[in-house]
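Descriptive structure summary
Listed below, chain by chain, are the residues.
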Amino acid sequence: MNILFVASEAHPLIKTGGLGDVAGYLPPALSKSGASVCVAIPGYTEVLEKIPGFKPLDRYHIDGFSVDIIESRLPNSDVKLWVVCCPQLFEREGGPYQDDEGRDWPDNALRFGVFAKVIVAITQNWIELDWPVDLVHCNDWQTGLIPALLKLQTKAPATLFTIHNLAYQGLFPYHDFARLQLPPHLWTHHALEFHEQLSFLKGGLVFADRINTVSPSYAEEIQTREFGCGLDGLLRYRSEALSGILNGADTQQWNPATDAYLASTYNKSTLTKKAINKLALQALFELPQDKTIPLFSVVTRLTQQKGIDLILDAIPMLQNTSLQFAILGTGDKRLELRLRNCARKHRDRFAIKLAYNESWAHLAIAGADAFLMPSRFEPCGLTQLYSLRYGTIPVVHAVGGLMDTVIDASADNLAAKKANGVQYKKDTAKSLVRAIQQTLKLYDDKPVWKSMQRAAMQQDFSWPTAAEQYMALYKQILSGN
Ligand code: ADP
Ligand code: GLC
């Protein structure tokens, strides 16, 4: 079974969030499960710097651009990697989707439109890589045109479209539809048009043979008005083709017993050493160094989705409570400003680092007592999975993947020694405050806290489990069921 796994980022070559983790860790797990997998990503400057010295396999001309395909390996794996190089579209200073100021690249439709056309050309062997593709596994809007364009071919591989985040839809004006010379019959609300705009995401949702998302609960939620981002009707229409598969956590990169980013490694039996990381985290964030003060951390993209504003609103309500916050994130400039102001006002308890830093992310997850995720919606969430592995108790809004992966500290779950986190239901700062207060009570009861930490560290959300489910889904699709 030849699977072409297409994504706009893949760790450790390029990553802005969880999609990068998935594209970096799932394909090697699929390969271990018996699939022959090749990953395709765009050749951003950052990617090319990490895989220098490779000769292009084949050159292709499309829409006035000249494209080279470079073959390499996904680092730390035997998975084949094809990098789609087009200097005019992908080689520039800045992120994969935005410039350094956080503005979307104005030519994103062209960038990912051409990328999609190149993938189609690979599957048709117009670019002669001589690798017959059985199934193209597409991820998020950047790959959404692929299933739509493949439907125009007489002989095409099967397609799976994974939704990592329905809120990002790749919406562009009609002008881009015309610039990409897409067939006029696709300009209808039954195809790529969404309220008079071109929707890349709809290409995946309408035309892929099967659709999945990254947790069973999110697969249900997106079929409702509240979480459907205007696409719930379409998703209900396709509900037979839609399922949910939970992401995994990479057990090598995220392992407290071997993690080189930590001040001290530890495991279930040496949990006291976790406190060394707490002191290191407090030092890094310039918080008072004290093992006894409960420390909550956050590692996130700063967007509306992640509910960071709720934490800011909660701070005044927690004024007389002894606790500390360490927040690592980048993103929305207004949120960054609000975080800076809050940190200035509450120096000894609220500290921030507005940066994207892999090593700090590991320390923030290992060193904290609890990990906050007040997300408004969360398709899966990986950081709560990492926190569980590190015995750091996740405190989460009960939505999507958070609901599916965190076992709430209810009386029953505590009695059964299954509880490994705290869930709260209402999307308000008040509910968040109550959840934090409940967490503090649990923290004060040392035997209970320890038992929750142990339960957390025993959880198994690994990529091999997810890979088995994807393999079963691929087989179903290929057998036409
Ligand atoms: P999302 O994909 O919505 O951003 P996830 O929880 O699925 O959320 O994945 C986020 C990934 O990005 C995790 O691997 C997390 O460690 C990483 N990450 C997010 N923000 C930062 C940051 N500021 N520095 C380092 N890593 C970060
Ligand atoms: C998205 C989601 C996140 C998920 C990640 C990987 O960015 O926001 O919940 O874990 O993709 O699937």
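Report follows, based on the coordinates. (Residues numbered from 1 in each chain as written. Chains lettered and ligands numbered in written order. Predicted model: local features only at pLDDT ≥ 70, side-chain atom pairs only at ≥ 80, totals over all residues. Heavy atoms only, no water.)

Judged by pairing direction, the sheet is mixed, and its 9 strands sit side by side in the order β3-β4-β5-β2-β1-β6-β7-β11-β12 without closing on themselves. Looking at which strands have only one partner, the edges of the open sheet turn out to be β3 (56-62) and β12 (242-244). Across the sheet, the axes of successive neighbouring strands diverge by a mean angle of 25°, strand direction being ignored. Bridge count for strand β7 (residues 158-163) against strand β11 (residues 210-213) is 4 bridges, and the pairing is parallel. Bridging across to β11, phenylalanine 161 finds its partner in isoleucine 211. The sheet contacts of helix α1 (residues 18-32) involve β1 (2-6), β2 (36-42) and β6 (135-139), and relative to β2 the element is tilted by about 160°. Across the sheet, helix α7 (residues 200-207) is in contact with β7 and β11; its angle to β7 comes to roughly 125°. (Pairing = 2+ DSSP bridges. Helix = DSSP H or I, 4+ residues; strand = E, 2+ residues; numbered from the N terminus. Axes fitted to C-alpha atoms, helices over the stretch in contact; angles between N-to-C directions. Contact = heavy atoms within 4.5 Å.)

Taken together, 14 residues surround ligand 2, and among them His164, Asn247, Glu378, Cys380 and Gly381 come closest. Measuring from an oxygen atom of ligand 2, one finds a side-chain N or O atom of glutamine 305 at 3.1 Å. Cysteine 380 places a polar main-chain atom, nitrogen or oxygen, 3.0 Å from an oxygen atom of ligand 2. Broken down by element, the residue count for the shell around ligand 2 peaks at 3 residues, all from α1. Residue composition of the shell around ligand 2, by class: 6 nonpolar, 6 polar and 2 charged. Taken domain by domain, the shell around ligand 2 gets at least three of its residues from each of domain 1 (2-248 + 463-478) and domain 2 (271-457). (Near = heavy atom within 4 Å. Polar contact = N/O pair within 3.5 Å; in protein donor to acceptor, adjacent residues only side chain to side chain. Nonpolar A, V, L, I, M, F, W, Y, C, P; charged D, E, K, R; others polar. Domains from an automatic or database assignment.)

Moving on, we get to the site of ligand 1. Taken together, 20 residues form the shell around ligand 1, and within it Gly18, Asp21, Arg301, Lys306 and Ala355 come nearest. Contact between ligand 1 and leucine 382: an oxygen atom at 2.8 Å from a main-chain N or O atom of the residue. Within the complex, the protein chains bury 94% of what would otherwise be the 560 Å² of accessible surface of ligand 1. Broken down by secondary-structure element, the contributors of at least two residues to the shell around ligand 1 are α1, β13 (295-302), β14 (324-331) and α14 (383-389). Here the shell around ligand 1 takes 3 residues from β13, the largest share from any one element. For the shell around ligand 1, the per-class residue count stands at 7 nonpolar, 8 polar and 5 charged. (Areas by Shrake-Rupley, 256 points an atom, 1.4 Å probe, with all protein chains shown as cover.)

Leu4, Leu30 and Leu205 are the most contacted members of the largest nonpolar core, which totals 140 residues. Of the residues forming this core, the biggest block, 11 residues, is contributed by helix α4 (residues 108-123). Looking at which domains feed residues into this core, each of domain 1 (2-248 + 463-478) and domain 2 (271-457) gives three or more. For leucine 205, the residues in contact, after removing those within four places along its chain, are Phe161, Ile163, Leu166, Ile211, Leu231, Leu234, Leu235 and Arg238. (Core = buried A, V, L, I, M, F, W, Y, C linked by side-chain atoms within 4.5 Å. Buried < 20%, exposed > 50% of the residue type's maximum accessible area, 1.4 Å probe, protein only.)

What follows is about the side chain of threonine 439. Tracing the backbone through its elements, the reader meets threonine 439 in helix α17 (residues 429-444). Overall, threonine 439 belongs to the buried group, its relative accessible area being 1%. Leaving out residues up to four positions away in the same chain, threonine 439 has contacts with Phe296, Ala370, Val395, Val422 and Trp449.

Geometric values such as these leave the question of function open.
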